[in-house]
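Chain residues, written in single-letter form:
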Amino acid sequence: MSFWIFGYGSLVWNPGFEYDEKIIGYIKDYRRVFDLACIDHRGTPEHPARTCTLEEKEGAICWGAAYCVRGSPEKRRAAMKYLEQRECEYDTKTLVDFYKEGDDSKPALTGVIVFTSTPDKESNKYYLGPAPLEEMARQIATASGPCGNNREYIFKMEKALYDIGHEEDYIIELANEVRKVLGCSGVPKEKKTVTSPRSPLKLKLSPFHFSPPPEVVAMDSQ
């Protein structure tokens, strides 16, 4: 027996649980948004961080990683328990189809679990909803919690999508706005050599796209 889980936030670069297989790919009709509060990892109840959730949008695609957990019931239960504790701000598990690059005619996997959140502030206390880019950037630039600060999360999200070859304008723009708030400066760095398939680079990338500020340390918690 096995189950598959789709990661689109910190699970992309730090799954944190024992898995047997990883596949890079995407799901359809969802897009990544920074509309969910985090009050116990990279934020506090008084100053919540903003982290990723999914928003339904027809025609959209969201790139990430699917992880397979196989083996004994105990192993699978342990992995799911870990995920449920880690993803506690998400109030729903949704089953989705998962597609691999180069073949969108049929899903490579069906019944893949993804943690999502109800986009309703009344029924979901963690849902923040959308906000102007500048307001979101100020919140991300200044929030911090037991597992690190919120700006590390957006910069690692940006880098993770670059590493799998599928950057997103939305993430790049938000990360660059956070850099403006932080007052970062620097010089362009050479691009990394990446072995994964690449999508065309965005012309709007800032000089800092490949080299986050010094405070982005090796903290792998979400």
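Just so you know, these numbers come straight off a predicted model, no measurement behind them.

**What to know about the overall build of the chain**
From N to C terminus, the chain includes four helices and seven strands. Order of helices (α) and strands (β) in the chain, N terminus to C terminus: β-β-β-α-β-β-α-β-β-α-α. Scored against the burial criterion, the 222 residues of the chain give a buried share of 50%. On the chain, roughly 10900 Å² of surface is accessible, and the fraction owed to carbon and sulfur atoms is 51%.

**Looking at the pattern of salt bridges**
All told, the structure shown has 13 salt bridges when counted by the stated rule. Between Arg70 and Glu21 there is a salt bridge, with its nearest N and O atoms 2.6 Å apart. Placement of Arg70 in strand β3 (residues 49-70) and of Glu21 in strand β2 (residues 21-38) is noted, with a sequence separation of 49 residues between them. When the shortest N-O distance is used, the salt bridge between Arg42 and Glu152 registers 2.7 Å. Here Glu152 lies in helix α3 (residues 150-163) and Arg42 lies in the loop between β2 and β3, a separation of 110 residues in the sequence. Arg42 gets classed as buried once you look at its relative accessible area, which sits at 0%. A residue is classified by how much of its surface remains accessible, and Glu152, at 2% relative accessible area, is buried. By sharing partners, the salt bridges in this structure join Glu18, Asp20 and Lys75 into a single network.

**With respect to the pairing of β3**
Where strand β1 (residues 2-7) and β3 come together, six bridges link them in antiparallel fashion. The partner of Trp4 across the bridge, within β3, is Cys68. As paired elements, β2 and β3 share 15 bridges and run antiparallel to each other. Each bridged residue has a counterpart across the sheet, and for Ala37 the counterpart in β3 is Arg50.

**Here we look at the packing of aromatic side chains**
Per the counting criterion, the structure on display carries 11 aromatic pairs. Taking 4.8 Å as the distance between ring centres and 50 degrees as the angle between the ring planes, the aromatic pair formed by Tyr26 and Trp63 counts as tilted. Residue Tyr26 is located in strand β2, and its partner Trp63 is located in strand β3; the two are separated by 37 residues in the primary sequence. Given a relative accessible area of 7%, Tyr26 falls into the buried group. Among the aromatic residues, those joined into a ring-pair cluster are Phe6, Tyr8, Tyr90 and Phe98. Note that Lys28 overlies the ring of Tyr99, its terminal NZ or CZ placed 4.1 Å from the centroid.

**Some remarks on the side chain of Arg32**
Inspection of the secondary structure assignment puts Arg32 in strand β2. Owing to a relative accessible area of 2%, Arg32 belongs among the buried residues under this scheme. Only 2.6 Å separates the side chain of Arg32 from the backbone oxygen of Tyr8, close enough to count as a polar contact. At 2.3 Å, the side chain of Arg32 and the side chain of Glu168 are in polar contact.

Each value, and the rule that gives it
- Residues numbered from 1 in each chain as written.
- Predicted model: local features only at pLDDT ≥ 70, side-chain atom pairs only at ≥ 80, totals over all residues.
- Heavy atoms only, no water.
- Helix = DSSP H or I, 4+ residues; strand = E, 2+ residues; numbered from the N terminus.
- Buried < 20%, exposed > 50% of the residue type's maximum accessible area, 1.4 Å probe, protein only.
- Areas by Shrake-Rupley, 256 points an atom, 1.4 Å probe, with all protein chains shown as cover.
- Salt bridge = Lys/Arg side-chain N within 4 Å of Asp/Glu carboxyl O.
- Pairing = 2+ DSSP bridges.
- Phe/Tyr/Trp six-rings, centres within 6.5 Å; stacked < 30°, edge-to-face > 60°.
- Lys NZ or Arg CZ within 6 Å of the ring centre and 35° of its normal.
- Polar contact = N/O pair within 3.5 Å; in protein donor to acceptor, adjacent residues only side chain to side chain.

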